[in-house]
Amino acid sequence: MRGSESGSGTDPFDDEPGAGRAGGAGALPRQPKAVWATAGASVVAFMGIGLVDPILPSIAKGLDATPSQVSLLFTSYFLITAFAMLLTGWVSSRIGGRKTLLLGLALVVVFAALSGTSSSVGELVGFRAGWGLGNALFVSTALAVIVGAAAGGSGTAILLYESALGLGMACGPLLGALLGNASWRYPFFGTAALMAIGFVCVTAFLKEQPRPAAKTSLVDPLRALGHGGLASVAASAFFYNYAFFTVLAFTPFVLDMTPYRSGAVFFVWGLLLAAFSVLVAPRLQARFGSLRVLGGSLLLLAADLLVIGYGSHGTAVAGTIVSGAFIGLNNTVFTELALGVSDAPRPVASAGYNFVRWFAAAAAPFLAPKIEEWTNVHVPFLVAAGAAVVGAAVVGLRRGALTHEAARLRPAHRSEDGVAVFAD
């Protein structure tokens, strides 16, 4: 029996301490230029997700649109992203990782610039969909490229990727606030310019990556979801992402702040997300184990969502910022589980996992304002909290399918004579 299955049985998240990583945070500075170029472009790609947060009310006013109409900016973006996940492996296995990255970057540059020229909310939603296609091609391939090229092993690569995600999530709202205070159109033009710089850097520093021996088919990611462990991770992440994107896409309307103040709130939120992704998550995993950290963090996120939904304005601001910590923990653990819990190639496993979870990211921004229209402002957060609890329940109920990964990530134990002994 694996050590991770030998707990008392009283705690559904009672896997033994784990998450040892090769290389770790200490290896982050010692990376090739190609890795830094890809990671830097990834920062800008993730900035595009939260870019519109502080300017959502401004967009609604500028285009004479309702909150539910403006929320389609997220829905179209992530819906296309979800379906594009089935396409990314097919494309990259045929034209190579470098060309796929450049194609994704080029699409983002074009559609981000077009978004800034929109004359109606319908046009803007459509251009965001094209942006989502480019972002899917880039982001999913970037993770595979960073894992393949980074010094220090896959653990270091994941930390670097999560660092880029957190920094992008933090800087996106800040850029949106700084540029959006003059006009809601400027953040889109700014993103297009930054992604163009990323295109130049990837072109200059990243060499073509080795192509896989076998070409990936469009259905390989779906086949990968036949693995019980990966399907369990994807199902839990689906409910988690609903909660996550309720915070990201709906909270700005509830807080109803100026672009500067909203940008500042989500900037601090993003800093917490980055810090807990990179610095705190590995330590908690090493002490308590991946499944305990994930289950506990999801339950804490659920409690925090109730605080946001039912507290005063000041409490909601504080709760929004604190949610970044729980989201950072969840992002890191989910990424590790998705990449390692099955025997599918990492790009294929990542595509299948992302295909499932991005549907929730598409649903939450649309449903949350609709639920508010049907009920009141508190209920969307109650629903999101319930989704986080369901995500935690999936981790607990499917613990048996996930303990293989918990054991794989467990660090070496020391015998009485100090010799490292690895779990089987």
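Use the structure listed above.
Predicted, not measured: the structure shown is a model, and the values here were computed from it.

(A) The packing of helix H5 (residues 97-115) against helix H6 (residues 121-149), seen in detail. At a minimum axis separation of 8 Å, H5 and H6 run at an interaxial angle of 155 degrees. As summarised for this structure, H5 and H6 are arranged roughly antiparallel, according to the angle between their axes. For the crossing formed where H5 meets H6, the hand is left-handed. Looking at the contact of H5 with H6 residue by residue, the classes come out as 16 nonpolar, 8 polar and 1 charged.

(B) Spatial organisation of the environment of Gly62. Inspection of the secondary structure puts Gly62 in helix H2 (residues 56-62). According to the relative accessible area criterion, Gly62 is partly exposed, its value standing at 49%.

(C) Focus on the side chain of Ser92. Counting through the fold element by element, Ser92 comes out in helix H4 (residues 72-95). A residue is classified by how much of its surface remains accessible, and Ser92, at 18% relative accessible area, is buried. At 3.4 Å, the side chain of Ser92 and the backbone oxygen of Gly89 are in polar contact. Among all residues touching Ser92, those that are not within four sequence positions of it are Gly97, Thr100 and Thr141.

Criteria and thresholds
- Residue numbers restart at each chain and count upward from 1, following the sequence in its written direction.
- Confidence filtering applies because this is a predicted model: local features only for residues at pLDDT of at least 70, side-chain atom pairs given and counted only at 80 or more, and all residues used for totals across whole chains, interfaces and linings.
- In computing side-chain properties, one takes all heavy atoms of the structure into account and sets aside hydrogens as well as water.
- In this analysis an axis means a line fitted to C-alpha atoms, helices contributing only their contacting stretch, and an angle means the value between N-to-C directions, from 0 to 180 degrees.
- Strands are runs of DSSP state E lasting at least two residues, helices are runs of H or I lasting at least four, and both sets are numbered from the N terminus onward.
- Every angle not falling under 35 degrees, over 145, or within 65 to 115 is termed oblique; those three ranges are roughly parallel, roughly antiparallel and roughly perpendicular.
- Two helices crossing with the near one rotated counterclockwise from the far one by less than a right angle form a left-handed crossing, whereas a clockwise rotation gives a right-handed crossing.
- Classification convention: Asp, Glu, Lys, Arg as charged; Ala, Val, Leu, Ile, Met, Phe, Trp, Tyr, Cys, Pro as nonpolar; all other residues, Gly among them, as polar.
- Buried means the residue's accessible area, taken with a 1.4 Å probe over protein chains only, is under 20% of the maximum for its type, while exposed means over 50%, and partly exposed covers the values in between.
- By the criterion applied in these results, polar contacts are pairs of N or O atoms within 3.5 Å in which, for protein atoms, one can donate a hydrogen and the other can accept it, and in which residues neighboring in sequence qualify only through two side-chain atoms.
- Contacts are assigned to residue pairs that have any heavy atoms within 4.5 Å of one another.

Coordinates in, geometry out; function isn't part of it.
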